[in-house]
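Observations on the model geometry
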Amino acid sequence: MLSSGEKPPAFTLPAAVEGDIESVSLDEYLGDRIVILAFYPGDFNPACGKESDLDELDLFTMQPDVAVIGIAPDTVFSHRAFAEEYDLAIPLAADTRGEVADAYGVSFEDDHGQHLTERAVFVIDLDGVVQYTWSTRELREVPPTEPIQRAVGDIGGDAAAVSRYRVAHAHYIEGRRAFTSAMGEFEAHDWMVSRGDFDRAREEFTTATDQFASAGRFVDDGDLSDHFERARRKANALWQAADWLAEAADAFSSGDGEEGNAYREDAESPLETARNLAEPLDPDDITVEDDVVTIDPDALEDDDTVSAMEAIRSGMDEGTAAGGVELELDEVTIETGDDDDLPDQDGPNTETARRMREYAGAGMEIDDPDGAEDDQIADALAEADEAEDPADGTDAAPSEAGRPETSIDDVPEQSHPDGTAAGDRPAEEGEGAGRDSAAAEDAGAGEDSEASEGDAADAETDVTEEEIEEIAEELQSQNGEDGQS
């Protein structure tokens, strides 16, 4: 049987995982979590009753950074039914050939010549070393939980915390490099490259934040715990800032300076948080010997005598960013070139007008691959002005060709004898679009006469058939006189 202090043999087996069939590899867990390997004789064995023989071990999955893998000679289909019956959350690996049990030294033959698997437990630390073992051939005996819990607790000490912190710090350094590069590109208005580096910084800071948090869960030393928490907060703040600045770079690359500066301003809050937090301790400045934590006095002296804000400000005054991270950004102004070379861009702030200006700035018309002339662009903008932002502030639809547009404000409001306004009912056949003030008064509109007359003066009035006939006769008579003369 494998002993404490040895490296566990690697394996990859099919497994039932939360109702699905997947491949499970030990390498996926080593170095990331404490691993508990639980070998058991088989599904629905004599130790199972109202509870399964793995229920107690299944509870270990509720602890942070602990993974449990069950291993037995049954098929994945049997494992899936077993997990469903007892509501088990742990992966159940199918060692149908018994090869993994042989590698760990927990396979045997009973008195009847059956090839069986012992009930056994192996606890593996973050360095991939076995720290606890237990086994029995008694089918009805279940693993003792208290010694397993103590073994897990012993692994989760300051040494393991520093090991996890070292991984987090490496990701933080990579994120810091990408962030510094992105800030330089941002200031140089190299938006697309800046966006890519901010994305990379965000990924690294996200991983660093998770790993710093994990280190904090393992740590026992109070002072070390404070340093780990501060590192987590700084990585998290820089992750948030990188997220907003990536969006800002995206907006600036599209020519939207207003939106870009809004995102840049949003990034100021997490940047301010990062400014007020000193750089995470270098893991090389931390040592753990015989459960005693020691931090390099020079690292602590720098931390205690100079505030994080002062360190950052002084570094920036000297022209370099403190800790390698530049945290200051000025408002960005989008340059549009010589105004004489561009069409007038004053106009409605609408989607159509914005797109017109966007294509105009590129010197291209949407449907003209050869480019647009200035008069074409000006005409397009004028149409957008008339269609989407008329002078009186109303939303007017584009007019039909050759038909003058008339605002509803130009038509006098009238009432119908039944008390309904003319605009509230459909026009009757043969009825004109307007009424003169006298007709409106005769209809009992009850409107203010001066206001009606003023409105009528501004609108086109209808003429009666008698008036039309009189005008026609007059024109005919004039034509006749012209012909005789």
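Residues numbered from 1 in each chain as written. Predicted model: local features only at pLDDT ≥ 70, side-chain atom pairs only at ≥ 80, totals over all residues. Heavy atoms only, no water.

1. Considering the overall build of the protein
- Along the protein, the regular secondary structure elements total 15 helices and 11 strands.
- Residue burial in the protein is summarised as follows: out of 485 residues, 37% are buried.
- Counting every atom, the protein has about 27500 Å² of accessible surface; 44% of that belongs to carbon and sulfur. (Helix = DSSP H or I, 4+ residues; strand = E, 2+ residues; numbered from the N terminus. Buried < 20%, exposed > 50% of the residue type's maximum accessible area, 1.4 Å probe, protein only. Areas by Shrake-Rupley, 256 points an atom, 1.4 Å probe, with all protein chains shown as cover.)

2. Observations concerning helix H8 (residues 257–275)
- Its 19 residues give H8 an end-to-end C-alpha distance of 26 Å, which sits within 8% of 27 Å, the value for a rise of 1.5 Å per residue.
- Within H8, the full set of buried residues consists of Gly257, Gly260, Asn261, Tyr263, Arg264, Ala267, Pro270, Leu271, Ala274 and Arg275. (Expected span 1.5 Å × (residues − 1).)

3. A look at the nonpolar core
- Ile36, Leu54, Val123, Phe179, Phe198 and Phe228 are the most contacted members of the largest nonpolar core, which totals 70 residues.
- Sort the elements by how many residues they give to this core and helix H7 (residues 222–253) lands first, with 14 residues. (Core = buried A, V, L, I, M, F, W, Y, C linked by side-chain atoms within 4.5 Å.)

4. Remarks on the pattern of salt bridges
- For the coordinates displayed, the defined rule picks out 17 salt bridges.
- The partner of Asp65 in a salt bridge is Arg217, with the nearest N and O atoms 3.2 Å apart. With Asp65 in the loop between helix H1 (55–58) and strand S4 (66–72) and Arg217 in helix H6 (residues 191–218), the pair connects residues that are 152 residues apart, well separated along the chain.
- Owing to a relative accessible area of 11%, Asp65 belongs among the buried residues under this scheme.
- Owing to a relative accessible area of 47%, Arg217 belongs among the partly exposed residues under this scheme.
- A salt bridge links Glu279 to Lys234, with the nearest nitrogen and oxygen atoms 3.0 Å apart. (Salt bridge = Lys/Arg side-chain N within 4 Å of Asp/Glu carboxyl O.)

5. Things to note about the sheet that holds strand S5 (residues 92–94)
- With mixed pairing, seven strands are arranged side by side in an open sheet as S2-S1-S5-S4-S3-S8-S9. On the outer flanks of this sheet lie strand S2 (20–25) and strand S9 (130–136), each paired with one strand and no other. The average undirected angle you get between the axes of adjacent strands in this sheet is 25°.
- Both strand S1 (residues 12–17) and S5 contribute to a ladder of two bridges, which runs antiparallel. Along S5, the bridge assignment pairs Ala15 with Ala93.
- Relative to the sheet, helix H2 (residues 76–86) contacts S1, S2, S4 and S5, its axis offset from that of S5 by approximately 160°. (Pairing = 2+ DSSP bridges. Axes fitted to C-alpha atoms, helices over the stretch in contact; angles between N-to-C directions. Contact = heavy atoms within 4.5 Å.)

6. What about the confidence of the model for the protein?
- Per-residue confidence for the protein gives a mean pLDDT of 74, with 63% of residues at or over 70.
- Here residues 304–324 is a poorly scored stretch, pLDDT under 50, and it has 26 contacts once near neighbours within four places are set aside; other chains count. (pLDDT = per-residue confidence, 0-100.)

7. Quick notes on the packing of aromatic side chains
- In the structure shown here, the tally under the stated rule is 19 aromatic pairs.
- Ring centres 5.9 Å apart and planes at 80° place the aromatic pair Phe39 and Phe122 in the edge-to-face group. One end of the pair, Phe39, is in strand S3 (residues 34–39); the other, Phe122, is in strand S8 (residues 119–124), with 83 residues separating them in the sequence.
- By relative accessible area, Phe39 is classed as buried at 1%. (Phe/Tyr/Trp six-rings, centres within 6.5 Å; stacked < 30°, edge-to-face > 60°.)

8. Regarding the pairing of S9
- Examined bridge by bridge, S8 and S9 share six bridges and lie antiparallel to one another. Counted as the bridge partner of Arg119 is Thr136 from S9.
- Remark: five residues form the turn of the hairpin made by S8 and S9, two consecutive strands paired antiparallel; Gly128 in that turn has positive phi of roughly 80°.

9. Quick look at unusual backbone geometry
- Within the chain, Glu18 stands out as a residue other than glycine whose phi angle is a positive 50°.
- Residue placement: Glu18 occurs in the loop between S1 and S2.
- The exposure class of Glu18 is exposed, given its relative accessible area of 69%.
- The residue Phe44 is not glycine, and still its phi comes out positive at about 55°.
- Mapped onto the elements of the fold, Phe44 is located in the loop between S3 and H1.

10. Some details on the environment of Tyr132
- Checked against the element boundaries, Tyr132 lands in strand S9.
- Put simply, Tyr132 and Val121 are 11 residues apart on the chain and 7.8 Å apart in space, counted from C-alpha to C-alpha.
- Aside from chain neighbours lying at most four places away, what touches Tyr132 is Ser4, Val121, Phe122, Val123, Pro144, Pro147, Ile148 and Ala151.

11. Quick notes on a negative patch on the surface
- Taken together, the side chains of Glu18, Asp20, Glu22, Asp27 and Glu28 present a region of like negative charge at the surface.
- Examined against the element boundaries, Glu28 turns out to sit in the loop between S2 and S3. (Patch = residues over 30% accessible without salt bridge, like charges linked within 9 Å, V, L, I, M, F, W, Y side chains within 5 Å. Lys, Arg positive; Asp, Glu negative; His and termini not counted. Charge placed at Lys NZ, Arg CZ, Asp CG, Glu CD.)

12. Concerning the packing of helix H5 (residues 158–187) against H6
- Contact geometry for H5 and H6: axes closest at 7 Å, N-to-C directions at 165°. On the basis of their axis angle, the class for H5 and H6 is roughly antiparallel. When you trace H5 past H6, the crossing you get is left-handed.
- Taken together, the residues that form the contact of H5 with H6 break down as 20 nonpolar, eight polar and eight charged. (Parallel < 35°, antiparallel > 145°, perpendicular 65-115°, else oblique. Left-handed = near helix turned anticlockwise from the far one by under 90°. Nonpolar A, V, L, I, M, F, W, Y, C, P; charged D, E, K, R; others polar.)

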